[in-house]
Each structure stands twice: as structure tokens, then as C-alpha cells.
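Chains, contacts and geometry: an overview
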Amino acid sequence: MAASGMGNYSSLFFPGRLSNSDFRRRFFLLGSTSRFIPQSVKGVFAARVNAATSTALVETKPDPIMDEFKLESCKDILACPICHSPLISDVDSGSSLDSPAGTKFQCRTCRKAYFEKDTHIDLTITGGSQGYGETRPASTELFRLPLVSFLYERGWRQSFNIWGGFPGAQKEFELMKDYLNPVSGGKIVDASCGSGLFSRLFAKSGLFSLVVALDFSEAMLRQCSEFIKQDEDLPKENIILVRADISRLPFASGSVDAVHAGAALHCWPSPSAAVAEISRVLRPGGVFVATTYILDGPFSYFPLLGPAREAIAQFSGSHIFLSNKELEDLCTTCGLVDFKVTRNRMFVMISTVKPQ
Ligand SMILES: C[S@@+](CC[C@H](N)C(=O)[O-])C[C@H]1O[C@@H](n2cnc3c(N)ncnc32)[C@H](O)[C@@H]1O
């Protein structure tokens, strides 16, 4: 009994592949303890249970994620992450896409189909695959855990202030406004948005015509969607949720006005592959604003810092930056210019621009 209980609870930690009987056991647990389980965590189970026990459940049709207004406002930027060609939507094609049922988008060139999930559009390369899956480095997989997405805005993100000097979402937003002013009115991608703390601020600010909340973690996107739904003051018509890999962005080259990445650069498996992608999708004059942390000052006297960060990178996929210069080089090497920095202890906010 104890062992099976642990098996059920382990689903909070391991969102990977499960047998149908696992789904059913889990659903039983969900029913008996549902009062104690947050909506975002339940969503993960419910989606799977629906797939596994469709006869036992009454399917309710969720609100469409992409209505015609949203489709119109994002159709110039969305592109196939494989070949970067424009995507055709089922609305454009009169719901007659030459592809599997449930297809929301299809690449005009390679014909790859992309699907709408319960809260987001899945524009990852492997999103629709039946038999193939990949495990990412720990710095990516950690955030796919429903428990982490639940805790993220309930203490986890706030702790960055204590150890690193991150000022907090509202103040970070105020700080970045100066950098983002030149692109106001445009389309912004909140890359690695997590539970969407900045995506919501962008949407509420009215500074942008479209906010794309993008993350690789389905659990984070579910939590993000839940916070958006709960916020009555948030205009819902100009925000969309997209699942994508930062190293393979589903946007046309030169189409995006701004990319923001809060506390994420150090989590990306390859910061250079990611920043190169960001540089590709930014239009000339487009702005990239990011925050991360730097171990310099007293840390630079630690003799083994260099080798230690290599080991940490190999073990966890997480990259530790040791100087402002390193971040500037990263951006310059990816074709971005006009590098600016704001610091507070280990916290750093950088801004850089795609040349005109
Ligand atoms: C520390 S959280 C940052 C969340 C939020 N932007 C903030 O400012 O607090 C890092 C985020 O990076 C995302 N992430 C990690 N690897 C990624 C990848 N390969 N592609 C896209 N997002 C990724 C994680 O899912 C997680 O939500």
C-alpha cells in the first residue's frame, strides 16, 4: 500500500511515460485527494486520464486557445521550428488541413502538423511524435515537474531576491521598461516565461500588441494559463501560450520586436544556440532584454570556480556566468549590438539590440 502510494505521488516528480493502469491509479488518487491538489497539477493528470479512460469520462470541450483574432495577430510571426516556413492555420484552410485530426497548424513547406493542447499550442519539434521522446538536461527537466511549477510563484522565485539580489517581478519590469520603450506597440516574446509572471505584466501594461508566453515546460504553461484565467484585470485577447524549445524558436526570421528572458539564460542547455535563435527572430532594431546572475566580485577569488562551473554545466546543463564581459561576448558573437547592463549584487539585467 505504502509503495503504491509513493508510486502515485511520484507523478508530481516524474512527468514522463506511464502505463494506462498507472493513469487509472493516479486518477483514483486524484479523486480522493483532489481538494488538496492544485488545479495546475490536476491538469497534468486529467489530460492523461482523458486519453487513457475516455469511456469513463465525459469530455468537456475547453475554450479555444486561438480564436480568429489571436490567429490574425500572430500569423506574421509563427513559423515552423524545423524549416522556418510560415504556418497555415486550420482557419486559413477552412479546417481542411491535410494532416491528423486535431491539427491546429501545418507548415506550408514540410507539411509538419502542430497541435493545440489544453492550454497552449505545441510548437516543439517532437510535440506530436508518437514514439520518439528525449530527456533534456536537468536545468530544463526540473521545470517540467508539476510540483516545481506550482511552487514557482509561491516562494521559489521570491528566494532569488535573498540569494542573488533579484529585485522582484514588478521592479524588474520597471527596470526593463526603458530598454523596451523603443519597441513599444510591437510583438514581444516572453521566452522561458515559467508561470508567466512577466507575460502577465506585459499583457496588463498595454505596451505590446501581442505577448507570446513561451516555455518548454507543459507544467509551467498550465500554471501560467491558470494565473491568467484567475486575473480578471488581465486582457486575454493579446496573449498566447506556446510550447517551444529556446534553441529552435517557432518564429519567422526578423519578425519579432522584442524578446524578454527572465532568470532563464543560465537554465538554457546552450546559451549561444538560444541567443543566436533570438537574434535570428528579432527584426532589425528589435530588443533582447534578459536577466540572470553573475558570480564575480568576491567569487572571483575562489580558485576552482572555472573548473567547478564546467562540472556543474556538464552535470546539470546550467551555465554560470562569471563576468559582464562574458555576457557581452555572448550577445556580440550572436550578432547583437549596443549591450547595456544593470546590476544589483549577483543580479544582472542586460539589454542588446539587433542591428538596423
Ligand atoms: C528560472 S525559470 C524563469 C521563469 C521566469 N521567466 C522568471 O523570470 O522567473 C527558467 C525557465 O526556463 C525554462 N526552460 C528551460 N530550458 C528551456 C528550453 N530548452 N527552452 C525553453 N524554455 C526552457 C524552464 O521551463 C523555466 O520555466
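Because the structure is a prediction, the values reported are computed rather than measured.

Here the focus is helix α10 (residues 218-230). Structural remark: α-helix, 3.6 residues per turn; residues separated by three or four positions point the same way. With 13 residues, α10 extends 18 Å from end C-alpha to end C-alpha; this agrees with the ideal 18 Å at 1.5 Å per step. Residues of α10 that are buried: E218, A219, M220, L221, R222, Q223, C224 and S225.

Here we come to the pairing of strand β11 (residues 347-353). The buried fraction of β11 amounts to seven of the seven residues, a majority that puts the element mostly inside the structure. The alternating pattern of β11 places F347, M349, S351 and V353 on one face and V348, I350 and T352 on the opposite face, and all of these are buried. The sheet contact formed by strand β9 (residues 282-293) and β11 spans seven bridges and is antiparallel. Its bridge partner lying in β11, T291 is registered against M349. The sheet contact formed by strand β10 (residues 337-344) and β11 spans six bridges and is antiparallel. Bridging from a neighbouring strand, N344 pairs with F347 of β11.

So, about the site of the ligand. The ligand sits among 20 residues. The nearest are T140, F143, S192, G194 and G262. For the shell around the ligand, the residue count by class is 12 nonpolar, five polar and three charged.

Positionally, V259 belongs in strand β8 (residues 256-261). Those residues in contact with V259 that sit more than four places away from it in its chain are V189, A191, I278, L282 and F288.

Note that strand β2 (residues 103-107) and strand β3 (residues 113-116) share three bridges and pair antiparallel. Across the sheet, residue Q106 finds its bridge partner in β3, namely A113. Hairpin geometry of β2 and β3 is characterised by an intervening segment of five residues between the two adjacent antiparallel strands and by a positive phi of about 70° at R111. Linkage of β3 to strand β4 (residues 121-122), two consecutive antiparallel strands, is achieved through a turn of four residues.

Before going further, it helps to examine the confidence of the model for the protein. Note: predicted coordinates in regions of low pLDDT should not be interpreted at a detailed level. A residue-level look at the protein finds 79% of positions with pLDDT of 70 or above and a mean pLDDT of 84. With pLDDT under 50 throughout, residues 1-59 is counted as low confidence; its partners more than four residues away or in other chains account for 54 contacts.

Reading the values: rules and limits
Residues numbered from 1 in each chain as written. Predicted model: local features only at pLDDT ≥ 70, side-chain atom pairs only at ≥ 80, totals over all residues. Helix = DSSP H or I, 4+ residues; strand = E, 2+ residues; numbered from the N terminus. Expected span 1.5 Å × (residues − 1). Buried ≥ 20, exposed ≤ 12 C-beta atoms within 10 Å, placed from the backbone. Pairing = 2+ DSSP bridges. Near = placed C-beta within 6 Å. Nonpolar A, V, L, I, M, F, W, Y, C, P; charged D, E, K, R; others polar. Contact = placed C-beta atoms within 7 Å. pLDDT = per-residue confidence, 0-100.

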